[in-house]
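Below, each chain spelled out in residue letters.
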Amino acid sequence: MFIGLDIGTSSVKAILLGEDQSLIASATSDLTVERPHPGWSEQDPDSWWRACEIVLDALKAEAPKALAGVRGIGLSGHMHGATLLDGGGRPLRPCILWNDGRSGRQCEELTRSEPKFQTLGGNLVMPGFTAPKLQWVRENEPEIFAKTDMVLLPKDYVRFKLTGEYAGDMSDSAGTLWLDVARRDWSDDLLAATGLDRSKMPRLVEGSESSGTLKPDLCVRWGFDTPPVVAGGGGDNAASACGVGAVDPGSAFVSLGTSGVLFVTNDRFSPNVGGAVHAFCHAVPQTWHQMGVILSATDSLNWLAGILKKSPGELTQALGRVAGPASVSFLPYLGGERTPHNDVDIRAGFAGISHETDDAVLTHAVLDGVAFALKDCLEALSVAGTRIDRVLAVGGGSRSHTWLEIIASLLNVTVDVPVDGDFGASLGAARLGQAAALGSTDGVFGKPALQTSIDPVPSLTEHYAEAYGHWRKLYPAFKQAGF
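Everything quoted here is computed from the prediction, not taken from an experiment.

**A closer look at helix α13 (residues 312–319)**
Note on helix geometry: an α-helix contains 3.6 residues per turn, so any two residues three or four positions apart are oriented the same way. When we look at burial in α13, the residues that qualify are Leu315, Thr316 and Leu319. Axial view of α13: buried residues confined to an arc of 90 degrees, hence all on one face. More than 90 degrees from the buried face of α13, the exposed residues found are Gln317 and Ala318. Check the buried side of α13 and you find it contacts α12 (298–308), α14 (359–383) and α15 (401–411). Gly320 sits one or two residues past α13 and shows a positive phi near 70 degrees.

**Remarks on the pairing of strand β16 (residues 252–256)**
For β16, a buried count of 5 out of 5 residues is recorded, marking the element as mostly surrounded by other parts of the structure. Side chains Ala252, Val254 and Leu256 of β16 all project onto a buried face; the interleaved residues Phe253 and Ser255 project onto the opposite face, where all are buried too. By the bridge criterion, 5 bridges tie β16 to strand β17 (residues 260–266) in an arrangement that is antiparallel. Bridging from a neighbouring strand, Leu256 pairs with Gly260 of β17. Between β16 and β17, which pair antiparallel in sequence order, lie 3 residues. Two elements, β16 and strand β22 (residues 390–394), share 3 bridges in a ladder whose sense is parallel. By the bridge assignment for β22, Ser255 is matched with Val394.

**Observations regarding the environment of Leu460**
One can find Leu460 in helix α17 (residues 458–471). The spacing of Leu460 and Ser409 is 51 residues in sequence and 5.8 Å in space, taken between C-alpha atoms. Setting aside residues up to four positions removed in sequence, Leu460 forms contacts with Val322, Ala323, Gly324, Glu405 and Ser409.

**Focus on unusual backbone geometry**
Residue Pro340 is bonded to the preceding Thr339 through a cis peptide linkage, with omega at 0 degrees. We note that Gln286 has phi near 55 degrees; this positive angle belongs to a residue other than glycine. Summarising the element assignment, Gln286 is placed in the loop between β18 (278–281) and β19 (288–294). Phi at Lys309 takes a positive value of approximately 60 degrees, unusual for a residue other than glycine. Structurally, Lys309 is set in the loop between α12 and α13. A relative accessible area of 73% places Lys309 in the exposed class.

**A short note on the state of the cysteines**
Evaluation of the coordinates by the stated rule reveals 0 disulfides. Here Cys107 is not cross-linked by a disulfide; its sulfur's nearest cysteine counterpart is in Cys95, at 16 Å.

**Section: the side chain of Glu141**
Relative to the helices and strands, Glu141 resides in the loop between α5 (130–140) and α6 (142–147). Residue Glu141 is classed as buried on the basis of its relative accessible area, which comes to 14%. Among residues more than four places away in sequence, those in contact with Glu141 are Arg93 and Trp136.

Conventions used here
- Residues numbered from 1 in each chain as written.
- Predicted model: local features only at pLDDT ≥ 70, side-chain atom pairs only at ≥ 80, totals over all residues.
- Heavy atoms only, no water.
- Buried < 20%, exposed > 50% of the residue type's maximum accessible area, 1.4 Å probe, protein only.
- Helix = DSSP H or I, 4+ residues; strand = E, 2+ residues; numbered from the N terminus.
- Arc of directions from axis to C-beta.
- Contact = heavy atoms within 4.5 Å.
- Pairing = 2+ DSSP bridges.
- Disulfide = S-S within 2.5 Å.

Here it is as structure tokens:
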């Protein structure tokens, strides 16, 4: 048996897989995000651990005999979060999350002072990344910075609680901006640019390798008959790629989670800094990937649902299928944007609202706006020479056939929908746990069973191509207006 733990922004998910990767049990525990100031986004690191305890307790209650045979645990987590620990392994402050925008000025200064962030690090210096967050702490909370003994990413704090080990994997660590991504090792120069050195960093392992074993007291608590190994794991998107079998060069997926991602696997380090494309290590050895990232995918729909006092499912079901683009346009920049703008200050908005605009039109506009932003990502990948004709869909938004049909038609690609699309990252984590337990990746990362495949609708492709041209004019207009 193998467990996958996915530490997400809104919840922690756990799945229990059999040796044949059949789903035995699953559990979810919700999380909350704190926003103490405009543009800030934080979480209590110990809330991740409490949620892990809840979901593992639930797995034990549901399948105690199966749980006893667990041999490997894999971890997935939201990337870039700055989790600062003191010498005793205790969090010094709330974790600064991936969608926190406070470090814009630090990004500008680090870009000027250390050009290797864009060459060795392979990415623009953005507020979402970990390095500028630490620079912000260094300048604004010097007493916290001075006490910092270890900097971990969110899933790696959970690993520490599980094993007592400070370790990180290549894919997640590439999102810190401290990694020499081509060499898959920490860069002393990039660490020094933010006042750090290797002593503050966890040791690095590949995502499919063991990083340690579960603590004895936890083995007793959850009834494991042998201490399972804990795999290096991966950042949420790399783990999702492992979950949908996107580990071979050229394979791709689209993720409709809190954020939105267009992900392509590469056989080499392939940065495209100018287009704000992310170039990271993959969670499997000798493999890399590119990503176009938008910050508010289902987050945009969840925001609208909160305003309209309805659930996201109610909104999309009431909308039904669409015959073309919405009459209203929406920029999904609730907390800034990454690809292709790298703009922490831009904000979301509707254009074209009239007396006739109702809940269905607003919902349609939000679905379109997220799809248009993903089209921006595809365009940025295309500039780098990447071509895609098929993607797998994962994340909570993949439950909406209408949304996926819009995306397929706009991107002009076939969208494959796995049976368990909402468990992409946790499935990938479990598979990484299996690889670590077996000591091999052979046969582990197959493609999951498909629920359906959605081809582009020719009439929608034509109409959405025209609408995309109009939509692209909104960003400069909003920017000029000071939004």
